[in-house]
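A structural walkthrough
Below, each chain spelled out in residue letters.
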Amino acid sequence: MKLVIAPDSFKESLSAPEVAQAIAEGWRAVFPSATIELKPMADGGEGTVEALLAATGGERRELTVQGPLGQPVLAHWGWLGEGTAVIEMAAASGLHWVPKAQRDARRASSYGTGELIRAALDAGARRIILGLGGSATNDGGAGLLNALGVKFLDKHGQPLPPGGAALAELARIELNGLDKRLATVQIDVAADVDNPLCGSHGASHVFGPQKGATPEDVAVLDAALGHYAQVAAQVLGEDHSCFPGVGAAGGLGFAARAFLQAHFRSGVELVAEVSGLAEALRDADLVITGEGQLDYQSLHGKTPIGVARVAREADVPVIALVGSLGAHYQQVYEAGIEAAFSLVPGPVTLEQACRTAAQELRARATDLARVWRLARQSREG
């Protein structure tokens, strides 16, 4: 039999490749000669680089860049070969780089993400996959663009300081210095939110509070991004601020679409495409996927549902092994998942569950394999 294992990471516990390996070990305890293909997955957020490197045999690279509040941070990105680079904006501009007490959505900058893009261009990239999610920033991608040569000036012709709040003083955008190499590069944005740049569903109102923004900060940031969008529309001849997804990552999606002509893709679908999931499923008997928690919110762009869509096309059944089953998780059955099982054997703390995740994955995979063997024996008997 052939098994395809295509899980996401279990946050704060195991990476997607580690999850896939643990499931494979559990399955082989029952089917030692099974053909197993590991296809670690991600949804465009944190873990996307690692998943794609594992799936393609690519190369992990590191670069010291400017963190969200200007501090140097060691960020990673991936080189997949054949001119393709993969970048997670969180690696350079993520919330994890800023201690909770220091979070400042008004000043945080995406400059470091622009530095990673510049490194990819230096390496000869012809295609850049840019994963959005987990950002500490709310600057509309202005920092990223600044790192790539765009100037943001006030009415006195002086450069604006970093951060989204400063965009309220924006008077002129100069594009002459924008890196010319970008004109020949395809940029694919992996994002699974549909928020516009501004308004009650925009970047500041929806994501600002988790980045340290007070209600007053949210109002300031939303107005500043609105002004930024107006000035950008005058320069570009088109208003991009209302397109679905441009509010992702503190508005970095806006910069990518408006200034870099990026294509927006579902994160799961993009990772599945690059990793060759559809090809792996052609002669498979079963797919096992998973993530930290499965609930009704998983229907909105999460990895197990994306895997189920691809598997449905190949007529291959899907089972999910997850850290926990949340509210109304049964809704995922209508999306193509045949069954879902929690790893937790009984009442445990989150810390305990994270610590024993690999062990429990192996155990549940072995249990599933035993049931699969019994079902096959029943069919053959």
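Owing to the predicted nature of the structure, the values given are computational and were not obtained by experimental measurement.

What follows is about the overall build of the chain. When helices and strands are counted, the chain shows 13 helices and 15 strands. The C-alpha radius of gyration computed for the chain amounts to 22 Å, which stays within 12% of the reference 21 Å derived for 381 residues, consistent with globular compactness. The principal-axis extents of the C-alpha atoms in the chain amount to approximately 85 × 45 × 35 Å. Buried residues in the chain amount to 53% of all 381 residues. Pairs at least 24 apart in sequence give 73% of the contacts found in the chain among residues at least 6 apart. Summed over all atoms, the accessible surface of the chain reaches about 16400 Å², with 49% contributed by carbon and sulfur.

This next bit is on the sheet that holds strand 3 (residues 59-66). Taken in spatial order, the six strands of this open sheet run 3-4-5-6-9-10, and their pairing is mixed. A strand with exactly one partner marks an edge of an open sheet, and here the two such strands are strand 3 and strand 10 (263-265). Neighbouring strand axes in the sheet, compared pairwise and without regard to direction, differ in orientation by 25 degrees on average. Bridge analysis of strand 4 (residues 72-81) against strand 5 (residues 84-88) gives three bridges, and the strand direction is antiparallel. Its bridge partner lying in strand 5, Gly81 is registered against Thr84.

Moving on, we come to the layout of surface pockets. Taken as a whole, the largest pocket encloses approximately 1400 Å³ of empty space. If you trace the largest pocket, you find 47 residues lining it, with Asp8, Lys11, Asp43, Glu291 and Lys302 closest to the centre. Counting residues per element, the ones that place at least two in the lining of the largest pocket are helix 8 (248-260), helix 12 (350-355) and helix 13 (357-380). When its residues are assigned to classes, the lining of the largest pocket shows 17 nonpolar, 19 polar and 11 charged. Each of two domains, domain 1 (1-38 + 275-378) and domain 2 (46-263), supplies a minimum of three residues to the lining of the largest pocket. The wall of the second largest pocket is formed by 20 residues, among which Glu46, Gly47, Glu50, His76 and Glu88 lie closest to the centre. The dominant element in the lining of the second largest pocket, judged by the number of residues it contributes, is strand 4, at three residues. Grouping the amino acids of the lining of the second largest pocket by side-chain chemistry returns seven nonpolar, six polar and seven charged. Inspection of the lining of the second largest pocket shows a minimum of three residues originating in each of domain 1 (1-38 + 275-378) and domain 2 (46-263).

Turning to the packing of helix 7 (residues 215-236) against helix 8, a few remarks are in order. Between helix 7 and helix 8, the shortest axis-to-axis distance is 11 Å and the interhelical angle comes to 10 degrees. By the angle class used here, helix 7 and helix 8 are roughly parallel. Considering only the axes of helix 7 and helix 8, their crossing is left-handed. The segment helix 7 lies against helix 8, with Tyr228, Ala229, Ala232 and Leu236 engaging Phe254, Ala255, Ala258 and Phe259. Among the residues forming the contact of helix 7 with helix 8, the class breakdown is eight nonpolar, no polar and no charged.

Working definition: an aromatic ring pair is given by the centre-to-centre distance plus the angle between the planes. Scanning the model with the defined rule gives seven aromatic pairs in all. Ring geometry for Phe254 against Phe259: centres 6.4 Å apart, planes inclined by 80 degrees, an arrangement best described as edge-to-face. The exposure class of Phe254 is buried, given its relative accessible area of 1%. Through a chain of ring-to-ring contacts, three or more aromatic side chains come together here, namely Phe152, Tyr228, Phe254 and Phe259.

About the criteria used
- Residues numbered from 1 in each chain as written.
- Predicted model: local features only at pLDDT ≥ 70, side-chain atom pairs only at ≥ 80, totals over all residues.
- Heavy atoms only, no water.
- Helix = DSSP H or I, 4+ residues; strand = E, 2+ residues; numbered from the N terminus.
- Rg over C-alpha atoms; globule rule 2.2 N^0.38 Å.
- Buried < 20%, exposed > 50% of the residue type's maximum accessible area, 1.4 Å probe, protein only.
- Contact = heavy atoms within 4.5 Å.
- Areas by Shrake-Rupley, 256 points an atom, 1.4 Å probe, with all protein chains shown as cover.
- Pairing = 2+ DSSP bridges.
- Axes fitted to C-alpha atoms, helices over the stretch in contact; angles between N-to-C directions.
- 1 Å grid on protein atoms, 1.4 Å probe; cavity = no way out; pocket = protein on both sides within 12 Å on 5 of 7 lines; lining within 4 Å.
- Points joined across faces, edges and corners; volume = space filled by probe spheres on them.
- Nonpolar A, V, L, I, M, F, W, Y, C, P; charged D, E, K, R; others polar.
- Domains from an automatic or database assignment.
- Parallel < 35°, antiparallel > 145°, perpendicular 65-115°, else oblique.
- Left-handed = near helix turned anticlockwise from the far one by under 90°.
- Phe/Tyr/Trp six-rings, centres within 6.5 Å; stacked < 30°, edge-to-face > 60°.

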